[in-house]
Amino acid sequence: MSHEATPNEADHSAPAPVFDATSKAASFLIAAIAVIAGLVMGWVNPFMSKSASSQGTMIDTLFSIVLGITTVVFVIVQGFLIYSIVRFGRQPGDDEDGPPIRGNTKLEIIWTAVPAITIVIIGLLSYRVLADIERPQPGERLIEVKAFQYAWQFYYPEADVTATELHVALDEPVLLKMRSNDVIHSFWVPAFRIKKDVMPDRVTEARITGTELGTYPIVCAELCGAGHAVMRSQVVVQSDADFKAWLATAAAAKKAPQPAATADPIAYGRQLFTQYACDACHTLDDANAHGQIGPNLNGIGSRAANRVSGQPAEAYLRTSILKPGEYIVEGYPDAMPKDYGLRMSDAEVHALVTYLLGQK
Ligand code: CUA
């Protein structure tokens, strides 16, 4: 039968470990460093670029206000905690039980009411900002966004122009109507602070007004398949004149008499290459394409015959367009849309294959 030491005996032999002055100082130091580091990260926020949209600026202001309120709450709560540890922690030689305290109605009312009021205030501020960033603007430009595995397409209905980059004019309000061709994606422009799901079965909307000239990344923020990580594009905020010039050029290129396959097969193939957004993912100098997601197509006409044994160049390219999962080039994701067979006519497939065969 074992004999357990009573507290009194323990006092005389080995004093129970206590929260001594060194531990208190260390705890206080760690807490102080955490608080200061948190504040610096929050206020300076090295991970977030300057806001480039009016919506982003409103969201940043809200973020700063919420951070300010939560900082005050955090410092008060942690202050009480640290004070209690220092002031009421067990002292050396103190083996008494704590005093039996049963509730404190006044205190409980205070610590229920203060957080409740704080949360209502934050909720009202957030609602106000949400209403502001979603409010229709006079004269806003409609741009239709289409997401598919794994690229973005932007359609300007007024000019009947489709682009793989989003171009907007400085200070012009834009309404994005977004729809997915396949699975759920998420349209995210960190510099605009806007992130919105893009669904296959409904249209979602987002409003943006670019306020800083420049080029900013568009990122897919919803895991959508093997090519999710490379589903990126960019938004170009340009002056009103530059934007109009860009749109006019794109519209003119589209309205130009479409070269028939027989008239100028190379020009026709090049046009199809852009029209079907191949340039979003592939690099091909002849088509002025700089995509990085899929294999580089410079000189593909010389290589196509040697890619898969028993497959002549023409058949290899045709299969690669219509059944992109069939021959995945090593090191590249299975990222190409699978629906080109539905979207392209036979003549178009033939013209595109002919064009690519000519890329020696
Ligand atoms: Cu689309 Cu992730």
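Quantities reported herein were computed from a predicted structural model and do not represent experimental measurements.

Asks: How would you explain the layout of surface pockets if you had to name every residue and give the values?
Replies: The volume enclosed by the largest pocket comes to roughly 1,300 Å³. If you trace the largest pocket, you find 40 residues lining it, with Thr-162, Ala-163, Thr-164, Thr-274 and Asp-279 closest to the centre. Listing elements by their share of the lining of the largest pocket, those giving two or more residues are strand E2 (151-156), strand E3 (161-163), strand E10 (232-238), helix H5 (240-255), helix H6 (265-275) and strand E12 (289-290). Across the lining of the largest pocket, the residue classes tally to 18 nonpolar, 15 polar and seven charged. In this structure, the second largest pocket occupies an estimated 570 Å³ of space. Lining the second largest pocket are 34 residues, and of these His-282, Pro-295, Leu-297, Ser-320 and Met-336 sit closest to its centre. At the level of secondary structure, the elements contributing two or more residues to the lining of the second largest pocket comprise helix H7 (300-303), helix H8 (313-322) and helix H10 (346-357).

Asks: Give a detailed account of the pairing of E10, specifying residues and quantitative values.
Replies: With five of seven residues buried, E10 lies mostly within the body of the structure. The sheet contact formed by strand E9 (residues 214-220) and E10 spans six bridges and is antiparallel. Each bridged residue has a counterpart across the sheet, and for Thr-215 the counterpart in E10 is Val-236.

Asks: Outline the domain arrangement of the protein chain, supporting the account with residue identities and numerical values.
Replies: Parsing the protein chain into structural domains produces domain 1 (16-88 + 104-133), domain 2 (141-255) and domain 3 (259-357). Once you take the C-alpha centre of each, domain 1 and domain 2 turn out to be 36 Å apart. Opposite the 12 residues of domain 1 that make contact, domain 2 presents 12 residues. The junction of domain 1 with domain 2 conceals about 1,000 Å² of combined surface from both sides, 50% of it contributed by carbon and sulfur atoms. One can count two salt bridges joining domain 1 with domain 2.

Criteria and thresholds
- Residues numbered from 1 in each chain as written.
- Predicted model: local features only at pLDDT ≥ 70, side-chain atom pairs only at ≥ 80, totals over all residues.
- Heavy atoms only, no water.
- 1 Å grid on protein atoms, 1.4 Å probe; cavity = no way out; pocket = protein on both sides within 12 Å on 5 of 7 lines; lining within 4 Å.
- Points joined across faces, edges and corners; volume = space filled by probe spheres on them.
- Helix = DSSP H or I, 4+ residues; strand = E, 2+ residues; numbered from the N terminus.
- Nonpolar A, V, L, I, M, F, W, Y, C, P; charged D, E, K, R; others polar.
- Buried < 20%, exposed > 50% of the residue type's maximum accessible area, 1.4 Å probe, protein only.
- Pairing = 2+ DSSP bridges.
- Domains from an automatic or database assignment.
- Contact = heavy atoms within 4.5 Å.
- Buried area = accessible area lost by both parts, 1.4 Å probe.
- Salt bridge = Lys/Arg side-chain N within 4 Å of Asp/Glu carboxyl O.

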